[in-house]
Amino acid sequence: MNSLKCYNRTHVTSDRLHRNINQAPRHDISPRLLSQKINATPSLEERMKNGEFGEVDSKGSTKEQLTRPFRKFLANDPVGIGRYLALQLAIAGRQWASHAAKRMPVATGDIREIIGQPVFIPLEQLYRVYGKIFRLSFGPKNFIIISDPAYAKQILLTNADKYSKGLLSEILDFVMGTGLIPADGEIWKVRRRAIVPAMHKKYVANMVGMFAACTRHGYSTLDKAIEKGETVDMENYFSRLALDIIGKAVFNYDFDSLTHDDPIIQAVYTVLREAEHRSTAPISYWNLPGATFLIPRQRRCMEALVVINNKLDNLIAKCKQLVEEEEAEFEEEFLSEEDPSILHFLLASGDQISSKQLRDDLMTMLVAGHETTAAVLTWTLHLLSQHPDIADRLRAEVDRVIGDRDVTLDDVKELKFTTRVINESMRLYPQPPVLIRRALEDDTFDKFVVEKGADLFISVWNIHHSPTSWENPEQFIPDRFSLEAPIPNEVTESFAYLPFGGGRRKCIGDQFALFESVVGLSMLMRQFEFVRPVNAPPVGMTTGATIHTTNGLIMEVRRRNVVPSQGLMCPIGRDYAVAAAGSKQELLVSAVVPAVATAAHALGGPF
Ligand code: HEM
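Please read all numbers here as calculations on a predicted model, not as lab measurements.

Section: the overall build of the chain
(1) Moving on: Per the secondary structure count, the chain includes 26 helices and 15 strands.
(2) Moving on: The buried share of the chain, taken over its 607 residues, is 56%.
(3) Moving on: For the chain, contacts bridging at least 24 residues in sequence account for 75% of all contacts bridging at least 6.
(4) Moving on: For the chain, the exposed surface amounts to about 25900 Å²; the carbon and sulfur share of it is 55%.

Some thoughts on the environment of N462
(1) Moving on: Tracing the sequence through the fold places N462 in helix α23 (residues 460-464).
(2) Moving on: When neighbours within four sequence positions are excluded, N462 is seen to be in contact with F120, L123, E124, Y127 and S147.
(3) Moving on: Side-chain polar atoms of N462 contact the side chain of S147, separated by 3.0 Å.

A few points about the site of the ligand
(1) Moving on: Taken together, 27 residues sit near the ligand, with W188, R192, R437, R505 and C507 positioned nearest.
(2) Moving on: Between the ligand and R192, the relevant distance is 2.7 Å, taken from an oxygen atom to a side-chain nitrogen or oxygen of the residue.
(3) Moving on: Here an oxygen atom of the ligand sits 2.8 Å away from a polar atom, N or O, in the side chain of R505.
(4) Moving on: Counting residues per element, the ones that place at least two in the shell around the ligand are α10 (185-195), α19 (371-386), β7 (434-439) and α24 (510-527).
(5) Moving on: Top element by residues in the shell around the ligand is α19. It accounts for three residues.
(6) Moving on: Considering only residue class, the shell around the ligand consists of 16 nonpolar, six polar and five charged.

Quick notes on the environment of A439
(1) Moving on: When you line up the elements, A439 lands in strand β7.
(2) Moving on: As for A439 and K162, which are separated by 277 residues in sequence, their C-alpha atoms are 5.9 Å apart.

As for the side chain of S385
(1) Moving on: Relative to the helices and strands, S385 is located in helix α19.
(2) Moving on: At a separation of 2.6 Å, a polar atom in the side chain of S385 contacts the main-chain carbonyl oxygen of H382.

Observations regarding the nonpolar core
(1) Moving on: Core analysis: the largest hydrophobic core is formed by 156 residues, its most contacted members being M234 and F251.
(2) Moving on: It is helix α13 (residues 234-251) that contributes the most residues to this core, 11 residues altogether.
(3) Moving on: Apart from the residues within four sequence positions on either side, F251 is in contact with I246, L312, L315, S341, L343, L362 and L366.

Brief notes about the pattern of salt bridges
(1) Moving on: For the structure shown, the criterion picks out 26 salt bridges.
(2) Moving on: Linking D446 and K132 is a salt bridge whose minimum nitrogen-to-oxygen distance equals 3.9 Å. Of the two residues, D446 sits in the loop between β8 (443-445) and β9 (448-450) while K132 sits in the loop between α7 (120-130) and β3 (133-138), which places them 314 residues apart along the sequence.
(3) Moving on: According to the relative accessible area criterion, K132 is partly exposed, its value standing at 26%.
(4) Moving on: With its nearest N and O atoms 2.5 Å apart, the salt bridge here joins E556 to R558.
(5) Moving on: Classification of E556 as buried rests on a relative accessible area of 3%.

Some details on the packing of helix α20 (residues 388-402) against helix α22 (residues 416-428)
(1) Moving on: Two numbers describe how α20 lies on α22: the axes approach to 8 Å, and their chain directions differ by 140°. As summarised for this structure, α20 and α22 are arranged oblique, according to the angle between their axes. Of the residues in α22, those in contact with I390, R393, L394, E397 and V398 of α20 are K416, F417, T418 and V421.
(2) Moving on: A breakdown of the residues in the contact of α20 with α22 according to their chemical character gives five nonpolar, one polar and three charged.

Description of the packing of α13 against α24
(1) Moving on: Relative to each other, α13 and α24 sit at 130°, their axes nearing to 12 Å. In terms of axis orientation, α13 runs oblique to α24. Considering the relative orientation of α13 and α24, their crossing is right-handed. Contact with α13, carried on its side by Y237, F238, A242, I245, I246 and A249, involves F512, E516 and L524 of α24 and no other residues of that element.

A short note on the pairing of strand β11 (residues 528-532)
(1) Moving on: Counting buried positions along β11 yields five of five residues, so the element is predominantly enclosed.
(2) Moving on: Residues F528, F530 and R532 point to one face of β11 and E529 and V531 to the other, with burial holding for every one of them.
(3) Moving on: Alignment of β11 against strand β14 (residues 554-559), held across four bridges, turns out to be antiparallel. Along β14, the bridge assignment pairs F530 with V557.

Brief notes about the confidence of the model for the chain
(1) Moving on: Taken as a whole, the chain shows an average pLDDT of 81; of its residues, 80% reach a score of 70 or greater.
(2) Moving on: This stretch, residues 1-35, has a pLDDT under 50; its non-local contacts, to residues over four places away or in other chains, come to 103 contacts.
(3) Moving on: Here residues 573-607 is modelled with pLDDT under 50, and outside its nearest four sequence neighbours on either side it reaches 108 contacts, counting other chains as well.
(4) Moving on: With a pTM of 0.81, the predicted complex shows an ipTM of 0.99.

Remarks on the packing of aromatic side chains
(1) Moving on: Tallied over the full model, the rule gives 17 aromatic pairs.
(2) Moving on: With a centroid separation of 5.5 Å and an interplanar angle of 40°, the aromatic rings of Y130 and F134 are classed as tilted. For the pair formed by Y130 and F134, the shared burial category is buried.
(3) Moving on: Three or more aromatic residues link up through ring pairs in this structure, and these residues are F120, W379, Y429 and W461.
(4) Moving on: The positively charged end of R278 is found above the aromatic ring belonging to F174, 3.9 Å away from the centroid.
(5) Moving on: Sitting over the ring of W470, R427 keeps its end group 5.2 Å from the ring centre.

Conventions used here
- Residues numbered from 1 in each chain as written.
- Predicted model: local features only at pLDDT ≥ 70, side-chain atom pairs only at ≥ 80, totals over all residues.
- Heavy atoms only, no water.
- Helix = DSSP H or I, 4+ residues; strand = E, 2+ residues; numbered from the N terminus.
- Buried < 20%, exposed > 50% of the residue type's maximum accessible area, 1.4 Å probe, protein only.
- Contact = heavy atoms within 4.5 Å.
- Areas by Shrake-Rupley, 256 points an atom, 1.4 Å probe, with all protein chains shown as cover.
- Polar contact = N/O pair within 3.5 Å; in protein donor to acceptor, adjacent residues only side chain to side chain.
- Near = heavy atom within 4 Å.
- Nonpolar A, V, L, I, M, F, W, Y, C, P; charged D, E, K, R; others polar.
- Core = buried A, V, L, I, M, F, W, Y, C linked by side-chain atoms within 4.5 Å.
- Salt bridge = Lys/Arg side-chain N within 4 Å of Asp/Glu carboxyl O.
- Axes fitted to C-alpha atoms, helices over the stretch in contact; angles between N-to-C directions.
- Parallel < 35°, antiparallel > 145°, perpendicular 65-115°, else oblique.
- Left-handed = near helix turned anticlockwise from the far one by under 90°.
- Pairing = 2+ DSSP bridges.
- pLDDT = per-residue confidence, 0-100.
- Phe/Tyr/Trp six-rings, centres within 6.5 Å; stacked < 30°, edge-to-face > 60°.
- Lys NZ or Arg CZ within 6 Å of the ring centre and 35° of its normal.

Structure representation (C-alpha cells):
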C-alpha cells in the first residue's frame, strides 16, 4: 500500500496549529490504519528540514533548475543568438517557477487508507500535514479539500455562482431528483423561491407546539423501557422522534414511528440507508447495467421508493382536495389549522409544479430535516453525559423556564443556555461534517488555482475544530457563545461556524431545526435522567450523510428524581450523581443491558 506522500509545499507553517491539534483530546475516536500511517510520517518540521518543501521557493522548478547551467552557458555566448536564447530561457524559467509555486500540496495514497473510517477523520489528519487547501488524489479520483473559513466563504458566498452541487446531485438523484439540496441553476432558483416562504415565522412558531406534542408522545416509549428495566438506544429514539416531527411538518403525515413500525417507515429507512451507502461507495455501482435487478439491495431500494412515492401521491391528492374545499383566501403567511404543513402551503399558494417535482421537494425536506436533527440531539445528549456540570446548568434553566409544562415559543427564546449547548454541540459535531461542491469555472484561492470541473470538499469538521479559529477547539464549552450575543451563525463567526452552511444555499430549516432541538432536549432533560451503563459499548463515530454512532447511544433512562444507582457511568446531571451515592440495588439494573446497536456505516459522504 502506498503511503501518503506530499509532493509539494504546505501552508501549515504554524507550530501552534500542529501542536494544538496533536494535543487535542479526541471524542471516542479509535486510532486506525491511516492515523497510524500519518503519525508514522515525519513531522512537518522534519520534512521541511529535509528540504521537501523548500525546493520550489529557494531554487525554482525542476525544469528551471535543469536548464539553468545551459542558460548560463548561453548567456556567455559572444554571438547575439546565444544571449537571445538565454533570455528566452530565463523568461520561461520564471514562468515555471511561478507555476510550481502555485501548485497545490498534493496528498496521494491508496483509497483503502480511507475506507473503513468516517472520511472527515483522515481529512483532519491530512489537514494537519497539508494545510488549509490541498489536493487529495486516489488514482484517477481527485478532490480539493478546503479547511479555511475565508475559502469556505468564497465558495459558499462570494463566488457561489462558480459552484454546483456536483457529485452530490449524482448520488442523491434516485431519492431527491431535482429537490432543493441537489438541484442547481434555474430549477434550484425557482424551487428555493417557492419553498422558502413556506418556512415563514408564523409557520415555525406554530410548529413549536407540535414539537412539544411529539416529544411528550415519546415519553410512553421511555416509560415502557423504565418499567421493563431495559436500556434505550437514544440515537434510534431521536431518529424516530425527528421522523415523526418532519412527517407532520412537511406533509402532515403522522408516522408515529416512536411507538410502532410499519412498511412506510421501513421504506423511508431503506432509502435513507441506500443514500448513505451510495455517498460512501468508491464506485457508482448503481449505474452498472442491470444493477436494479441484479443487486438485491438495489431491488429493495427501488421497491421502497415505490412505497414512498405511492404514499406521497396519496398525501398530495388528499391535500389538493383539502385546498380546493377550503374557503380561506391565501395570504402570504397563510396557515391552515387543519393542515399547517409545507405541502399545504405550496399547494394553497398556487405553486405550479409537476407531481414529480413536488415529490422531489417533499422527499428532500424529509431527508434533510430528519437525520440532521436526530444527529444533533444524539451528540448533544452524549456530550451532556460527559459533562454533568453543564447538564446541571441546563436543567436549572429548564426547571426555571418551563417547569412541568410543554415548551412554548416564548420559552424557546428564554432557554438561552440550552440553545448555547446545542450551538456548541453543532460546532463539535457538525451535521453534515463535509459540504460538497464542483467548480463550474476556474477559481483562485490566494495563489492556488482550482480548475473548472474540480470536486471540492469543504471540511466543516476541520473548520469547527481548528485552533486557528477556536480556543480549546476540542473542548465542549457552551459559554464560548455569550448568552447576551445573538445566536451564533456563519456571519457572526466569520464563516468559522457553519452548522447550517452559508450563502445562498444555506439551510432553509435552520430556525425550525434549532427550535425543534431546544424543545426536544429541554423536555426530555426535564422529565428524565439518562445514564450510560457501565458495560455500554463505546460511542464511536461513523458517517453516512451525518455523523452516526458506531454502536448506538445506549442509555439507562429514569424518571427524574428516582433514586439512582451506584456504579453507573456518566449520570447526566449532578443531582443524579449526588443521589447515586446511596443505592446499591440499582446495580442489578445496570447488568440488564440489551444493547440495541444501530448498524455501523462505512466512511462518510455528506450532503
Ligand atoms: C439540525 C438540523 C439541520 C442541520 C444541521 C442542517 C444543515 C444543513 C446544511 C449544512 C445545509 C447546507 C448544505 C450545503 O451547502 O451543501 C442544509 C441545506 C438544506 N437544508 Fe438543512 N439542516 C437541518 C435541518 C433542516 C430542516 C429541518 C429542513 C427542512 C424542513 C432542512 C432543509 C434543508 C434544505 C432544503 C437545504 C438545501 C437548501 C438549498 O440548497 O437551497 N434542513 N442544511
